[in-house]
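Structural description and commentary
Below, each chain spelled out in residue letters.
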Amino acid sequence: MRLLVIEDEVKTAAYLRQGLTENGFTVEVCANGGDGFDQALTVANDLIILDVMLPQRDGWSILGALRKAGKQTPVLFLTARDTVFDKVKGLELGADDYLVKPFDFSELLARVKTILRRGPARQPENLSVADLQMDLARRKATRAGTPLDLTAKEFALLELLVRHRGEPLSKTLIAEQVWDIHFHSDPNVVEVAIRRLRSKVDDPCPKKLIHTMRGVGYVLEER
Ligand code: CA
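Just so we're clear, the structure is a prediction, and the values are computed from it rather than from any experiment. Numbering of residues begins from 1 in every chain and follows the order in which that chain's sequence is written. Two thresholds apply to this predicted model, a pLDDT of at least 70 for residue-level local features and 80 or more for giving and counting side-chain atom pairs, whereas whole-chain, interface and lining totals are computed over all residues. Working from all heavy atoms in the structure, the side-chain values ignore hydrogens and water.

Attention shifts here to the pattern of salt bridges. Throughout this description, the term salt bridge denotes a Lys or Arg side-chain nitrogen within 4 Å of a carboxyl oxygen of Asp or Glu. For the coordinates displayed, the defined rule picks out 16 salt bridges. Notably, a salt bridge pairs Arg 111 with Glu 107, separated by 2.7 Å at the nearest N-O pair. Linking Arg 111 with Glu 107, this pair stays in helix α5 (residues 105–117), spanning four residues, or about one helical turn. The residue Lys 207 makes a salt bridge to Glu 222 at a minimum N-O spacing of 3.1 Å. Separated by 15 residues along the polypeptide, Lys 207 in the loop between α8 (188–201) and β10 (210–213) and Glu 222 in the segment after β11 (217–220) bring together distant segments of the chain. With a relative accessible area of 36%, Lys 207 lands in the partly exposed category. Look at the salt bridges and you will find they share partners, linking Glu 7, Glu 9, Asp 51 and Lys 101 into a network. Helix and strand assignments follow DSSP, with helices taken as H or I runs no shorter than four residues and strands as E runs no shorter than two, numbered in order from the N terminus. Relative accessibility thresholds used throughout: buried, under 20% of the residue-type maximum; exposed, over 50%; partly exposed, between the two (1.4 Å probe, protein chains only).

Structure representation (structure tokens):
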């Protein structure tokens, strides 16, 4: 089982990593909300332990954006906030449980196990635009029922475009999200990847989905 911990307090993060690892979980820690959100969106985790007050992007915003993007990974909020308002807000946004700091590790572990016992995501993670279908769990995509032979990076690029359908994405953003690199390193990376992706996704079909927006970047949409 793979857990993502998004927590900026070094001590708490280390404590969680150690305790959860000892209990047989694979643990990835992100210390800020920006990286945490990227990991939560692009990596298949079984559960996310999410702090509320985080640098770059707070836990509310991360959870809201994940659910909006159709990502149903269970989330356990872990936070110093303990007002009724905060608990209700967390649960309304789609958190699965809520634990207030300071907490006992044994209680956290019990809650993690309870959430995981409920089983995987409540909804299958499938995305579609026109006749393009993406099965995120199996990392497979089809166009008009025909399987697309995509590399892992091409799949990640297509997933990013589909999740942001109708929204122009800059090459900088694409490079950061898909390759985790900063754009100034090589602007051609994104162009080449888009060209390859188009040859697989759009060239065989009369209806094009990936469009270039001059001076802006790329957008995926049904026109
Ligand atoms: Ca914090």
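Further remarks concern the domain arrangement of the protein. An automatic or database domain assignment provides the domain bounds reported here. Segmenting the protein into domains produces domain 1 (2–117) and domain 2 (126–220). Each of domain 1 and domain 2 was reduced to a C-alpha centroid, and the two centroids are 29 Å apart. Across the boundary between the two partners, domain 1 contributes five residues, which contact four residues of domain 2. Both sides together, the interface formed by domain 1 and domain 2 hides about 430 Å², and carbon and sulfur atoms give 37% of it. The definition of a polar contact used here is a pair of N or O atoms within 3.5 Å, where within protein one atom must be able to donate a hydrogen and the other to accept one, and adjacent residues in sequence count solely through side-chain atom pairs. Along the contact surface separating domain 1 from domain 2 lie two residue pairs in polar contact (both at pLDDT 80 or more). Charged residues are taken to be Asp, Glu, Lys and Arg, nonpolar residues to be Ala, Val, Leu, Ile, Met, Phe, Trp, Tyr, Cys and Pro, and polar residues to be all remaining types, Gly included. The residue inventory of the side of domain 1 that touches domain 2, partitioned by class, reads two nonpolar, one polar and two charged. Note on contacts: a residue pair qualifies if any of its non-hydrogen atoms lie within 4.5 Å across the two residues. Two parts lose some accessible area (1.4 Å probe) when they are put together, and adding that loss for both gives the buried area.

Each pair of donors in an ideal octahedron of six around a metal sits at 90 or 180 degrees, and each pair in an ideal tetrahedron of four sits at 109.5 degrees. The coordination sphere of the calcium ion contains the protein donors Asp 8 (OD), Asp 51 (OD) and Met 53 (O), at a distance range of 2.1 to 2.3 Å. Note: metal donors comprise N, O and S atoms at 2.8 Å or less from the metal (3.2 Å for Na, K and Ca); water molecules are not included, so apparent gaps in a site are possible. Counting along the primary sequence, the residues that act as donors to the calcium ion give the motif D-x42-D-x1-M. In this pair, Asp 8 is assigned in the loop between β1 (2–6) and α1 (10–22) and Met 53 in the loop between β3 (47–51) and α3 (59–68), connecting sequence segments 45 residues apart. The partly exposed category is assigned to Asp 8, whose relative accessible area is 29%. Overall, the relative accessible area of 49% leaves Met 53 in the partly exposed class.

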